[in-house]
Amino acid sequence: MKFLSLVFSLAGMVWAQAPALPDWVQVEANLAYDSHPETKLDILKPKTAGDKRPAILFIHGGGWVGGTKENVMLNFCLPYLQKGFVVANVEYRLAKAALAPAAVSDVLKAAEWFQKNAAKYGVDPKKIIVSGDSAGGHLALMVGLTPKSANLGNPAKVAAIVNFYGITDVGDVLEGQNMKQYAVGWIPDSMVDRREVARRVSPQTWVRKKLPPSLTIHGGEDPTVPYEHGVTFVKIMREQGNDAELFSVPKGKHGDFLKDPVNGPATWAAIFDFLGRRGLMP
């Protein structure tokens, strides 16, 4: 195992310590995809990978208020790397740096950067998949769905979306019985037109025909992001004729099932089956 022990400091920001990764993983860390100190990404790839590889643009969760790209390297990036994908692991502005919709604009920029630099990293630009967990799942959906009319950034071109229990209706967790403090932290009471902002940054708002294939993974007893978010999103996607699947873990909480010796492997098997049936596996 190779321990990546560098701590990066840029513009007053200290970057989190990267975890141990296998020696066969090649890393280019903290590449700038935009001008903000936070807008960095890591390129992770198997050292033996050839050209024209499918790739994953992965976005970490944390309720738009926390989390780091380093936190998801082992649990989310590594399983994709083990299958031969190239992974772009994305950092973005959290609420303490910029409120909504900044995170959405950032990840759209990251997708644009990855598309433009695909050849440099041996990636097939037609086989870039966007994935993320929790708030990162929400942002992954926004990368796949956001149109030009949303005025949040240039629309991305992705081959598929793998959404791990992401928020699909931001307004639902902003107020009412499903209100969550993380959502209020990203879209505070003091924000002008906060309901309109919540609408603009909700994946459900932009569901229409001819969207990329999507797989949503959600635990049936999730206390952090209501299970209904995944169910409703897949339902309205299908109503518009889109290729959308839901993988449910009946008693799953908020991602804990990924560490379960049965549900974890079953979830990853479902992901790779989904991508394989669409010709997106390495």
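Before reading on, note that the structure itself is shown above.
Conventions used here
Residues numbered from 1 in each chain as written. Predicted model: local features only at pLDDT ≥ 70, side-chain atom pairs only at ≥ 80, totals over all residues. Heavy atoms only, no water. Helix = DSSP H or I, 4+ residues; strand = E, 2+ residues; numbered from the N terminus. Rg over C-alpha atoms; globule rule 2.2 N^0.38 Å. Buried < 20%, exposed > 50% of the residue type's maximum accessible area, 1.4 Å probe, protein only. Contact = heavy atoms within 4.5 Å. Areas by Shrake-Rupley, 256 points an atom, 1.4 Å probe, with all protein chains shown as cover. Phe/Tyr/Trp six-rings, centres within 6.5 Å; stacked < 30°, edge-to-face > 60°. Polar contact = N/O pair within 3.5 Å; in protein donor to acceptor, adjacent residues only side chain to side chain. Pairing = 2+ DSSP bridges. Right-handed = clockwise from strand over helix to strand, strands pointing away. Expected span 1.5 Å × (residues − 1).

**Q** Report on the overall build of the protein chain, specifying residues and quantitative values.
**A** Along the backbone of the protein chain there are eight helices and 12 strands. At 17 Å, the protein chain has a C-alpha radius of gyration in line with the 19 Å of a compact globule built from 282 residues. Its C-alpha atoms give the protein chain principal-axis dimensions of roughly 50 × 45 × 35 Å. Out of the 282 residues belonging to the protein chain, those deemed buried represent 55%. Long-range pairs, those at least 24 residues apart, make up 71% of the contacts in the protein chain with a sequence separation of at least 6. Total accessible area computed for the protein chain in this model is approximately 11,800 Å², and 52% of it derives from carbon and sulfur atoms.

**Q** Break down the environment of Met281 for me, with residues and values.
**A** By secondary structure assignment, the location of Met281 is in the segment after α8 (263-276). Met281 sits in the partly exposed class, given a relative accessible area of 24%. Distance in space between the C-alpha atoms of Met281 and Tyr80 is 9.8 Å, their sequence separation being 201 residues. Excluding its chain neighbours within four sequence positions, the residues that come into contact with Met281 are Pro54, Lys83, Phe85, Phe272, Leu275 and Gly276.

**Q** Describe in detail the packing of aromatic side chains, supporting the description with residues and values.
**A** Scanning the model with the defined rule gives 13 aromatic pairs in all. Measuring from ring centre to ring centre gives 5.1 Å for Tyr80 and Trp268, while their planes differ by 85°; the resulting arrangement is edge-to-face. Here Tyr80 is found in helix α1 (residues 73-82), whereas its partner Trp268 is found in helix α8, with 188 residues between them in sequence. Neither residue differs from the other here; Tyr80 and Trp268 are each classed as buried. Note on Phe164 and Trp268: the rings are 5.6 Å apart at their centroids and 55° apart in plane angle, and the pair reads as tilted. Taken together, the residues span a long stretch of sequence, with Phe164 in strand β10 (residues 160-164) and Trp268 in helix α8 at a distance of 104 residues. Put simply, the rings of Phe58, Phe76, Tyr80, Phe85, Phe164, Tyr165, Phe257, Trp268 and Phe272 touch in pairs and so form one group of aromatic residues.

**Q** Break down the environment of Asn30 for me, citing the residues and quoting the values.
**A** Residue position: Asn30 is located in strand β5 (residues 25-32). Asn30 sits 62 residues away from Tyr92 along the chain, and the two C-alpha atoms are 11 Å apart. Reaching out from Asn30, the side chain makes a polar contact with the side chain of Lys69 at a distance of 2.7 Å.

**Q** Go over the pairing of strand β8 (residues 86-90) with me, naming the residues and quoting the values.
**A** The element β8 is largely enclosed, with a buried count of five among its five residues. Burial of the side chains of β8 extends over both faces: Val86, Ala88 and Val90 are buried on one face and Val87 and Asn89 on the other. Pairing between strand β6 (residues 40-46) and β8: four bridges, direction antiparallel. Across the sheet, Leu41 pairs through a bridge with Val90, a residue of β8. As paired strands, strand β7 (residues 53-59) and β8 are joined by five bridges and run parallel to one another. Within β8, the residue paired with Ala55 across the bridge is Val86. Read from β7 through α1 to β8, the crossover connection turns out right-handed.

**Q** I'd like a description of α8, backed by residues and values.
**A** For α8, which comprises 14 residues, the first-to-last C-alpha distance of 20 Å matches the rise-based estimate of 20 Å (1.5 Å per residue) to within 8%. Contact partners of the buried residues in α8: α1, β9 (123-133), β10, β11 (214-219) and β12 (244-249).

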